[in-house]
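# Descriptive structure summary
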Amino acid sequence: MDIVELSRLQFAATALYHFLFVPLTLGLSVLLGIMETVYVMTGRTIWRDMVRFWGVLFGINFAMGVATGITMEFQFGTNWAYYSQYVGDVFGAPLAIEGLMAFFLEATFIGLFFFAWDRLSKIQHLVATWALALGTNLSALWILIANGWMQYPVGARFNVDTMRMEVTDFMAVLFNPVAQAKFVHTVSAGYVTGSVFVLAISAYYLLRGRHAEIAKRSMTVAASFGIASALSVVVLGDESGYTAGVNQKMKIAAIEAMWDTEPAPASFTVFGLPDMAGRKTDFAVRIPWVLGLIATRSADKQVPGIDDLVKLARTRIDSGLLAYDAILQIRKAPTDASARAVLYAHSADLGYALLLKRYRGDIENATSDEKDRAANSTIPDVPVLFWSFRIMVGLGFWFIALFAVAFWLSARRELNRHRPFLWAALLSLPLPWLAAELGWIVAEYGRQPWVIEDVLPTFLGVSSTAASNVLFSLLGFVMFYSALLAVDLFLLVKYIRLGPDHVVGG
Amino acid sequence: MSYEILRLIWWALLGILLIAFAMMDGFDLGTAMLLPFVARSDVERRVAINTVGPVWEGNQVWFILGGGAIFAAWPALYAASFSGFYLAMFLVLAALILRPVGFKYRSKLANLLWRATWDWTLFVGGLVPSLVFGVAFGNLFEGVPFGFDADLRFHSEITLFSLLNPFALLCGLVSVSMLSLHGAAWLNLKTDAAVQRRARGVMPFAAIAFVLLFAVAGFWVWHLQAFQITSPAMHDGPSNPLAKIVVASTDGWFANFGVHPILWLAPCIALLGALAATLLRRTPLLAFLASALVPAGTIAAAGCALFPFLLLSSSNPGASLTVWDASSSKLTLEIMLGAVVIFLPIIIAYTAWVYRVMRGPVTADQIVRDSKTAY
């Protein structure tokens, strides 16, 4: 494997590991806040015991989230040096503000959450808990502003004098519609994860006939919060689909395995076997109209298919090469105003010319065949996206059903009477993680071959370090993280088995 | 505000963030390093660990923020230093990954082998970053071999073994002695009985080691090859590190100190801080404040000596990264300055509140009482 593949594998592995811990932190922090609020308002100590018990599990998970998050902050520099140089002017700011505004809040107040029960008044401790939850959620906001910019790079322009992208409109970066939709979708997914976690473990206690008082109350909180969150994930996931449809047409077409542009409104493929080589989808089962309505919010706008998007990419490569030629001229004669005008006119397509760097260094001399290959390289892995997306959406609907039943049973005070439901809740425990990881695969793998959509191809973003170094660190991280994950799961299972009495009893 | 002034402010902020990291996370790295020496029984170990338990997580954010701020304000430095020092960074990250889990998981089981294993990971998690950060500073003075192509793609011939040269290792030891002193001063402040006695006993050794090592490093720097920019000053030009000429200088790295003698204050603060910390060790709060001055003086001295260089290229001096050609755009520096001005005072305020809430020493009695919830 070359350095590009190793670096991508390392980023994928470390990011997917990191996101095993993040959604639970997001969801559980808010659930802790809700439970503690009930405690402060009612004064019933069982609610404080719940906060302390779920808090222990929160802490075990949080440590892993922090540990795996450290790598993420520095990995852009270690493994994606050209990426960092090329877009750091835009991308670095949200990461730094995340530290200033969010992570500091979260990491400072988690100390008080665990250590200051006896040193703070009830209200003060509640404030600390909510500050922790707020920090956690703001952290997700800034990370998704950064990630949203990778999907939809607004408010920035290429500067030939510094050979990089620079911010022109920070407000556009901040209020990027893709980032806003992704933020709400992602934190809602975190809330679903936290709610399923609490629901499943409470179901386990009820199945065993243990800790019924804490389990039933926890389930009620999880069911109410979970149903709202699960609806929000699906509705705002749809909003993500719409905003992606505005900008990432290739991603939408690949998710739908839609090779040809259909007459509007396009149909939605429920099932099929996409065939990359033959550029067709076998055994497709389609529902008319649905995709067109989701992606364009209209009955008459077309959703372009993959083949047409490749043709468009081919024209953008030619346009991008004009920009690239202008850069070469400006390097020879920095004051050449006409070359700067050409560059300015075509700089939006510069990234498409850079796709050719995979085939040759002197891309200004690229052959027609190489341009065709570069245009074809803009198609992501259709079968992976097609299935990841469908499984994720299916799970989203399953969570709505699960929480709806839980909510209904809780309202009728029958939570502990229906064993099939309790088993369904317990067995659903791993599903939100599966859905979240698949969501990231759709978002990031679906953006390929771009690291910054339309601006910078992924293979150009890597560092110039030795591939053996990356192989070493990749193996190191995987072994290290796997060992720590095993410890994490071992401790979680142990403390779940010990139950609330162990934590709060004496 | 001019681009030149913004770059100067961000150079100062880079130093301030590094100093804040060394002051705040420094004492818990130092505490972890001293763990096997100042705490023997399990309860003593837990006393030492719980002095930093409520605060280390916030302290570590200074490191994360430092990384983020370098990315945002000095993207070329972020790209070059972290990819150039690849394996060294991997070592630091691996060590820092051990800390959150080490703190959190250690006392979750009563098994002695389990606890001893985590104690060792905490020790390594304290020692390795302290050493590597010092080694990195040493390499800043010596320069590392790197350059850029016309697309500003960074390339380097740096290896882990080239980084571990004698001068850099000396700087690593300066850092280890400095943070040991700071950790001992913290334990002296936050513990009682045997742990406090042993931590207090460490302080004179750490302080003397620091003073001697720092003096030797300073003498060595005197003899290192220094560089200077000879092309016309372009302090508000575009951030392109290929547009200048850099040549070997005969004035040495102390040239800035000659022009501005007030800069001598920085190394003097470092040395006097270390001596004051050990002399005042019977008044723990004053001793801790004195030891906090040591990283401030040390980092300020190094930064002022190197100015305007951020990362010196030994193979291709013209490609060195400097304050004038490695920054973000003017707009990004302005936005980030705004964010710092708003949020830094808020961070300092709530951090101060947390330290106030958690004030007072950690005792063995407390650990036994809160055995299930303490670290």
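We now turn to the structure provided with this report. (Residues numbered from 1 in each chain as written. Chains lettered and ligands numbered in written order. Predicted model: local features only at pLDDT ≥ 70, side-chain atom pairs only at ≥ 80, totals over all residues. Heavy atoms only, no water.)

## Thoughts on the pattern of salt bridges
Our working rule: Salt bridges are defined by distance alone: a side-chain nitrogen of Lys or Arg within 4 Å of a carboxyl oxygen of Asp or Glu. Counting from the N terminus, the helices are the DSSP runs of H or I reaching at least four residues and the strands are the DSSP runs of E reaching at least two. Working definition: with a 1.4 Å probe on protein chains only, accessible area under 20% of the residue-type maximum means buried, over 50% means exposed, and in between means partly exposed.
Inspection of every chain in the model, using the stated rule, returns 32 salt bridges over all chains. Between A:Arg390 and A:Glu256 there is a salt bridge, with the nearest N and O atoms lying 2.6 Å from each other. Separated by 134 residues along the polypeptide, A:Arg390 in helix H14 (residues 382-411) and A:Glu256 in the loop between helix H8 (249-255) and strand E3 (268-275) bring together distant segments of the chain. Each member of the pair, A:Arg390 together with A:Glu256, is buried. A:Asp349 is the salt-bridge partner of A:Arg316, the closest N and O atoms lying 2.5 Å from each other. Linking A:Arg316 in helix H10 (residues 306-332) with A:Asp349 in the loop between helix H11 (337-346) and helix H12 (350-354), this pair joins segments that are 33 residues apart in sequence. Salt bridges here are not isolated pairs; linked through shared partners, they connect B:Asp42, B:Arg45, B:Arg106, B:Arg115 and B:Asp119.

## Topic: the interface of chain A and chain B
The test is simple: Any two residues whose heavy atoms approach within 4.5 Å are treated as being in contact. Residues adjacent in sequence count toward polar contacts only when both atoms are side-chain atoms; beyond that, a polar contact is any pair of N or O atoms within 3.5 Å, and within protein one must be able to donate a hydrogen and the other to accept it. Under the grouping applied here, Gly and all other residues not named as nonpolar or charged are polar, the nonpolar ones being Ala, Val, Leu, Ile, Met, Phe, Trp, Tyr, Cys and Pro and the charged ones Asp, Glu, Lys and Arg.
Facing the 84 residues of chain A at the interface are 72 residues of chain B. Residue A:Lys357 pairs with B:Asp151 through a salt bridge whose shortest N-O separation is 3.3 Å. At the junction of chain A and chain B, the tally comes to 26 residue pairs in polar contact (both at pLDDT 80 or more). Broken down by element, the residue count for the side of chain A that touches chain B peaks at 26 residues, all from helix H3 (residues 81-115) of chain A. Residue composition of the side of chain A that touches chain B, by class: 45 nonpolar, 26 polar and 13 charged.

## Section: helix H5 (residues 86-105) of chain B
Every α-helix carries 3.6 residues per turn, so stepping three or four residues along brings you back to the same face. Let me state the cut-off plainly: Take the number of residues in a helix, subtract one, and multiply by 1.5 Å to get its expected span.
For H5(B), spanning 20 residues, the distance from its first C-alpha to its last is 29 Å, which sits close to the expected 28 Å at 1.5 Å a residue. The element H5(B) is largely enclosed, with a buried count of 18 among its 20 residues.

## Things to note about the pairing of strand E1 (residues 156-159) of chain A
All names here are of chain A. What counts, and what does not: For two strands to be treated as a pair, DSSP must find no fewer than two bridges joining them.
Alignment of E1 against strand E2 (residues 164-167), held across 4 bridges, turns out to be antiparallel. When the sheet's bridge partners are listed, phenylalanine 158 is paired in E2 with methionine 165. The antiparallel hairpin formed by E1 and E2 contains 4 residues in its connecting segment, where methionine 163 sits at a positive phi of about 55 degrees.

## Describing the side chain of A:Asn176
All names here are of chain A. On the secondary structure map, asparagine 176 appears in the loop between helix H5 (170-174) and helix H6 (177-208). Residue classification places asparagine 176 among the buried residues on the basis of a relative accessible area of 0%. Side-chain polar atoms of asparagine 176 contact the backbone oxygen of tyrosine 152, separated by 3.0 Å. Among the polar contacts listed, one links the side chain of asparagine 176 to the backbone nitrogen of valine 178, at a separation of 3.1 Å. Dropping the residues within four chain positions of it, asparagine 176 is found in contact with Gly148, Trp149, Tyr152 and Val154.

## A short note on the packing of H10(A) against helix H13 (residues 368-376) of chain A
Residues and elements named next belong to chain A. The cut-off we apply is this: Between the N-to-C directions of two axes lies an angle of 0 to 180 degrees, each axis being a line fitted to C-alpha atoms and, for a helix, fitted only over the stretch in contact. Orientation labels follow simple angle bins: below 35 degrees gives roughly parallel, above 145 gives roughly antiparallel, 65 to 115 gives roughly perpendicular, and whatever is left gives oblique. Each helix crossing is assigned a hand: it is left-handed if the near helix lies turned anticlockwise from the far helix by less than a right angle, otherwise right-handed if that turn is clockwise.
At a minimum axis separation of 8 Å, H10 and H13 run at an interaxial angle of 125 degrees. Considering the angle they form, H10 stands oblique to H13. The two elements H10 and H13 cross, and the hand of that crossing is right-handed. Only Ser368, Lys371, Asp372, Ala374, Ala375 and Asn376 of H13 make contact with H10, whose side of the interface consists of Val310, Ala313, Arg314, Ile317, Asp318 and Leu321.

## Quick notes on the packing of aromatic side chains
So the rule is basically this: Only Phe, Tyr and Trp rings are paired, with Trp represented by its six-membered ring, and only when their centres lie within 6.5 Å; those with planes under 30 degrees apart are stacked, over 60 edge-to-face, the remainder tilted. Throughout this description, the term charge over a ring refers to an Arg CZ or Lys NZ atom that lies within 6 Å of the ring centre and within 35 degrees of the ring normal.
Evaluation of the coordinates by the stated rule reveals 62 aromatic pairs over all chains. With a centroid separation of 5.3 Å and 85 degrees between ring planes, the pair formed by A:Phe386 and A:Trp387 is classed as edge-to-face. Residue classification places A:Phe386 among the buried positions, given a relative accessible area of 0%. Judged by relative accessible area, A:Trp387 falls into the partly exposed class, the value being 29%. An aromatic cluster is present here, built from A:Phe11, A:Phe74, A:Phe76, A:Tyr83, A:Phe91, B:Phe21, B:Phe63, B:Phe71, B:Tyr78, B:Phe82 and B:Phe133 joined pairwise through their rings. The positively charged end of A:Lys122 is found above the aromatic ring belonging to A:Tyr39, 5.1 Å away from the centroid.

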